[in-house]
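Overview (structure and organization)
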Amino acid sequence: MSFLEISGLHKRYGPVAALAGVDLDVASGSRTAIVGPSGCGKTTLLRLIAGFEAPDQGRIVLDGQVLANGGAAVPAHRRGIGVVAQDGALFPHLTIGDNIGFGMGRGEDKRTERIVELAYIVGLDKAILKRRPHELSGGQQQRVALARAMAMKPRLMLLDEPFSALDTGLRASMRKAVAELLEAAGITTILVTHDQAEALSFAGQVAVMRDGKFSQVGTPRDLYLKPKDRMIAEFLGDAIILPASISGGFANSPLGRIAVDTNDSRDVARIMLRPEQIGLKRTSREGMSGTPDMLFGEVTESEFAGSTCTIAVRLLNNFDPPDAAAIGNTPLILRKPGMDAPAVGEIVRLTVSGKAH
Ligand code: ATP
């Protein structure tokens, strides 16, 4: 039995089916990330788990306790669930210290010490504890909200875009710190985010939501390398999608014969590679006289963006998959390290590593 079990959850707002049959199992002490396009129902699902709203249909069971069953059974404040909302939702009239200590109770032993410790953990200076929420930046407010939720020692933590007001560098370090903190405290966590890289790095289980239900749930690695369909492939990162015929574990594709992770046979198929599976090596037109199955291309665009460079490569070989006409001369778009990326007009040799999906 899972720690959190959600089955057949439905929720409508007038004509809008915000949730249309959600099933999800979450293991105790694990971290799950929910990703999906805007409006697909992510926040609604968190609100139902937290108990801010009741489902029209379906069950939510936490640690064997039925929280909702086609209506709310247990009120929000008795669920033992910590929530960090998108806007932080701090109490404006309380100091930061009292916001963090809100769930602890006035008489709690070592209350002040714990408040200072939690503030430290989320990266807030002690001096800030006497201020009020309106005197803090958006990012600082989010961190206070996180500390407040941690202080309540919840059995389940729900995070709705908790890092969205932070800038890139701070965001990555906070994400790591929060993951470690939750891990150490053994708190089961569900994170909602727009950011696919954040989902993949934060969680052990990622659930992709679309139109009010989950279209794929799995480990970050499985979802990234074996997405169920094109939408998921493209949602989770850059994807190179090519026409191919497949049989016996190999694909005949515009990139030549490459291994695929299936034993299916199909004359007309689409395969997917992640750009990092394609290696580039500079060469010249003269250098193209290798064996016939070596793969060459010409760089047609090169856009430098600091740590990465986006490169368009037009293939020079003529491997012919069944419906190659479908892609015509569409170049491959690859993101490579910005340093030493090939320039427009250069000839490159391409290599493919790993299997296509
Ligand atoms: P975002 O990523 O933009 O925050 P989301 O995936 O969290 O989106 P929800 O906020 O759960 O999406 O909304 C799902 C759908 O339900 C949307 O179409 C939204 O307009 C609708 N909706 C949500 N809350 C309400 C409400 N209180 N009244 C009416 N419609 C609502």
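See the structure shown above.
Report follows, based on the coordinates. All residue numbers here refer to positions counted from 1 along the written sequence of the relevant chain. Per-residue local features are limited, in this predicted model, to residues with pLDDT of at least 70; the limit for side-chain atom pairs, both in listing and counting, is 80 or more; totals at the level of whole chains, interfaces and linings are taken over all residues. Processing note: side-chain calculations cover all non-hydrogen atoms of the structure and skip hydrogens and water entirely.

1. Considerations on the sheet that holds strand S12 (residues 250-253)
- If DSSP finds at least two bridges between two strands, the strands pair. The secondary structure listing takes helices from DSSP runs of H or I that are at least 4 residues long and strands from runs of E that are at least 2 residues long, numbered from the N terminus. Read from one edge of the open sheet, four strands run S13-S12-S11-S14, paired in antiparallel fashion. Only two strands of the sheet have a single neighbouring strand rather than two, namely strand S13 (256-259) and strand S14 (266-273). Shown here is a sheet whose adjacent strand axes are inclined to one another by a mean of 40°, direction ignored.
- As judged from the four bridges shared by S12 and S13, these two strands associate in the antiparallel manner. Looking across to S13, one finds that Asn252 is bridged to Arg257. Helix axes are fitted only over the stretch in contact, all axes being lines through C-alpha atoms; the angle between N-to-C directions runs from 0 to 180 degrees.

2. Describing the site of the ligand
- Around the ligand, the structure places 13 residues, and the nearest of them are Ser38, Gly39, Lys42, Thr43 and Thr44.
- Whenever two N or O atoms come within 3.5 Å, that pair is a polar contact, provided that in protein one can donate a hydrogen and the other can accept it, and provided that, for residues adjacent in sequence, both atoms are side-chain atoms. Between the ligand and the protein, one listed contact pairs an oxygen atom with a backbone N or O atom of Gly39 at 2.8 Å.
- Per-residue accessibility takes into account occlusion by the displayed protein chains alone, with areas from the Shrake-Rupley method and a 1.4 Å probe. The fraction of the free accessible surface of the ligand (630 Å²) that becomes covered by protein chains is 61%.
- Where the shell around the ligand is concerned, the elements lending two or more residues are strand S2 (16-26) and helix H1 (42-50).
- The biggest single contributor to the shell around the ligand is H1, with three residues.
- Its residues placed into classes, the shell around the ligand shows five nonpolar, seven polar and one charged. Throughout, the term near means that a residue has one or more heavy atoms lying within 4 Å of the molecule or strand in question. Only Asp, Glu, Lys and Arg are considered charged, only Ala, Val, Leu, Ile, Met, Phe, Trp, Tyr, Cys and Pro nonpolar, and every remaining residue, Gly among them, polar.

3. Notes on the side chain of Gln216
- With respect to the element layout, Gln216 can be found in strand S10 (residues 213-218).
- Buried means the residue's accessible area, taken with a 1.4 Å probe over protein chains only, is under 20% of the maximum for its type, while exposed means over 50%, and partly exposed covers the values in between. A relative accessible area of 13% means that Gln216 is categorised as buried.
- From its side chain, Gln216 meets the backbone oxygen of Lys226 in a polar contact 3.2 Å long.
- Note on contacts: a residue pair qualifies if any of its non-hydrogen atoms lie within 4.5 Å across the two residues. Apart from residues no more than four positions distant in its own chain, Gln216 is found in contact with Val206, Ala207, Val208, Leu223, Lys226, Pro227, Lys228 and Ile232.

4. Focus: the packing of aromatic side chains
- Two rings from Phe, Tyr or Trp (for Trp, the six-membered ring) form a pair when their centres are within 6.5 Å of each other. A pair whose planes differ by under 30 degrees is stacked, one over 60 is edge-to-face, and the rest are tilted. Enumeration over the complete set of coordinates arrives at two aromatic pairs.
- Centre to centre, the rings of Phe91 and Phe102 are 4.4 Å apart; their planes meet at 40°, and the pair counts as tilted. With a gap of eleven residues between them, Phe91 in the loop between strand S6 (81-84) and helix H2 (96-100) and Phe102 in the loop between H2 and helix H3 (111-121) connect regions that are remote in the sequence.
- You can call Phe91 partly exposed: its relative accessible area is 27%.

5. Some details on the layout of surface pockets
- Looking at the largest pocket, its volume works out to about 570 Å³.
- Lining of the largest pocket is provided by 24 residues; of these, Phe52, Ile81, Gly82, Val83 and Val84 occupy positions nearest its centre.
- Going through the elements one at a time, H1, S6, helix H4 (138-151) and strand S7 (156-160) are the ones with two or more residues in the lining of the largest pocket.
- Across the lining of the largest pocket, the residue classes tally to 15 nonpolar, six polar and three charged. Cavities and pockets were defined on a 1 Å grid built over protein atoms only: a cavity is a set of grid points that admits a 1.4 Å probe from which the probe cannot escape, a pocket is an open set flanked by protein on both sides within 12 Å along at least five of seven lines, and lining residues are those with an atom within 4 Å of any such point. Grid points are joined across faces, edges and corners, and a volume is the space filled by probe spheres set on the points.

6. Some thoughts on H3
- Along H3, the residues classified as buried are Arg111, Arg114, Ile115, Leu118 and Ala119. Summarising the axial view, the buried residues of H3 lie within an arc of 135°, below the 170-degree limit, and thus occupy one face. The outward face of H3, more than 90 degrees from its buried face, is lined by the exposed residues Thr112, Glu113 and Tyr120.
- Its buried side turned inward, H3 meets H2 and H4.
- Residue Gly123 follows H3 closely and has a positive phi angle near 80°. What the arc measures is the spread of directions leading from the helix axis to the C-beta atoms.

7. Description of the sheet that holds S10
- The strand order across the open sheet built from six strands is S6-S7-S8-S3-S9-S10, with neighbouring strands paired in mixed fashion. Looking along the sheet, the strands with just one partner apiece sit at the ends: S6 and S10. Each adjacent strand pair in this sheet contributes to an overall mean axis angle of 20°, direction not counted.
- In this structure, strand S9 (residues 205-210) lies alongside S10, joined through five bridges in antiparallel fashion. Residue pairing across strands places Arg210 opposite Lys213, the latter belonging to S10.
- Of the strands in this sheet, strand S3 (31-35), S7 and strand S8 (188-193) are in contact with helix H5 (residues 168-185), which crosses S7 at around 165°.

It is worth stressing that arrangement in space is one thing and function is another; only the former is reported here.
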